[in-house]
Amino acid sequence: MVNFPQPILFGMPSNLQIGNVDITNELAAQVTANTVNRIMRETADRFAFQEVSTMAVEQYFRSELIRQFPLYVPGGRVQFNAMNFSGTPCIFRHL
């Protein structure tokens, strides 16, 4: 199991539209959660039944999250170890 005790900050352009749909905060949160869940599943599938270090799994997850998030959210960005984060993080667990 890989655990990130620090927040992962997800960003996207303000006033983002896809087609004729405005991306609200709620929709942005849902797309983000779906993307994180998808990448967590892909990571688990990739390393299932293998002897690998936690660091290898963490690095794969990080790089895939950074690479794939903008594919689902145009202009989206991911920041690990966000020192300027002042909100309350939401805990996300893949079941």
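Definitions and cut-offs
- Residues numbered from 1 in each chain as written.
- Predicted model: local features only at pLDDT ≥ 70, side-chain atom pairs only at ≥ 80, totals over all residues.
- Heavy atoms only, no water.
- Phe/Tyr/Trp six-rings, centres within 6.5 Å; stacked < 30°, edge-to-face > 60°.
- Lys NZ or Arg CZ within 6 Å of the ring centre and 35° of its normal.
- Axes fitted to C-alpha atoms, helices over the stretch in contact; angles between N-to-C directions.
- Helix = DSSP H or I, 4+ residues; strand = E, 2+ residues; numbered from the N terminus.
- Parallel < 35°, antiparallel > 145°, perpendicular 65-115°, else oblique.
- Left-handed = near helix turned anticlockwise from the far one by under 90°.
- Contact = heavy atoms within 4.5 Å.
- Nonpolar A, V, L, I, M, F, W, Y, C, P; charged D, E, K, R; others polar.
- Core = buried A, V, L, I, M, F, W, Y, C linked by side-chain atoms within 4.5 Å.
- Buried < 20%, exposed > 50% of the residue type's maximum accessible area, 1.4 Å probe, protein only.
- Expected span 1.5 Å × (residues − 1).

Caption draft 1: Spotlight on the packing of aromatic side chains. For the structure on display, the rule yields 2 aromatic pairs. One cation-aromatic arrangement involves Arg38 over Tyr72; the distance from NZ or CZ to the ring centre is 4.4 Å.

Caption draft 2: Quick peek at the packing of helix H1 (residues 25–47) against helix H2 (residues 54–72). As a packed pair, H1 and H2 sit with axes 9 Å apart at the nearest point and diverge in direction by 140°. In this view, H1 runs oblique relative to H2, as classed from their interaxial angle. The way H1 lies across H2 gives a crossing that is right-handed. From H1, Val31, Thr32, Thr35, Val36, Arg38, Ile39, Met40, Glu42, Thr43, Arg46 and Phe47 reach across to H2, where they touch Ala56, Val57, Tyr60, Phe61, Glu64, Leu65, Gln68, Phe69 and Tyr72. Among the residues forming the contact of H1 with H2, the class breakdown is 12 nonpolar, 4 polar and 4 charged.

Caption draft 3: The arrangement of the nonpolar core in detail. In terms of nonpolar packing, the biggest core is built from 9 residues, these being Leu16, Val36, Ile39, Phe61, Leu65, Phe69, Val73, Val78 and Phe80. Elements with a contribution of two residues or more to this core: H1, H2 and strand S4 (77–80). A per-element tally of this core places H2 first, with 3 residues.

Caption draft 4: Main features of the environment of Glu42. Tracing the backbone shows Glu42 in helix H1. The exposure class assigned to Glu42 is partly exposed, which follows from its relative accessible area of 29%. With 19 residues separating them in the primary sequence, Glu42 and Phe61 have C-alpha atoms 8.7 Å apart.

Caption draft 5: Representation of H1 within the structure. In this model, H1 (23 residues) spans 33 Å end to end at C-alpha, consistent with the 33 Å of a helix rising 1.5 Å per residue. Here H1 has its buried residues at Ala28, Thr32, Thr35, Val36, Ile39, Thr43 and Phe47. Buried residues in H1 make contact with strand S1 (8–11) and H2. Positioned one or two residues after H1, Phe49 has a phi angle of 60°, which is positive.

Caption draft 6: Inspection of unusual backbone geometry at higher detail. Phi at Phe49 is positive, roughly 60°, even though this residue is not glycine. If you trace the backbone, Phe49 turns up in the loop between H1 and H2. Given a relative accessible area of 90%, Phe49 falls into the exposed group.

Without other data, these values stay purely geometric and don't point to any function.
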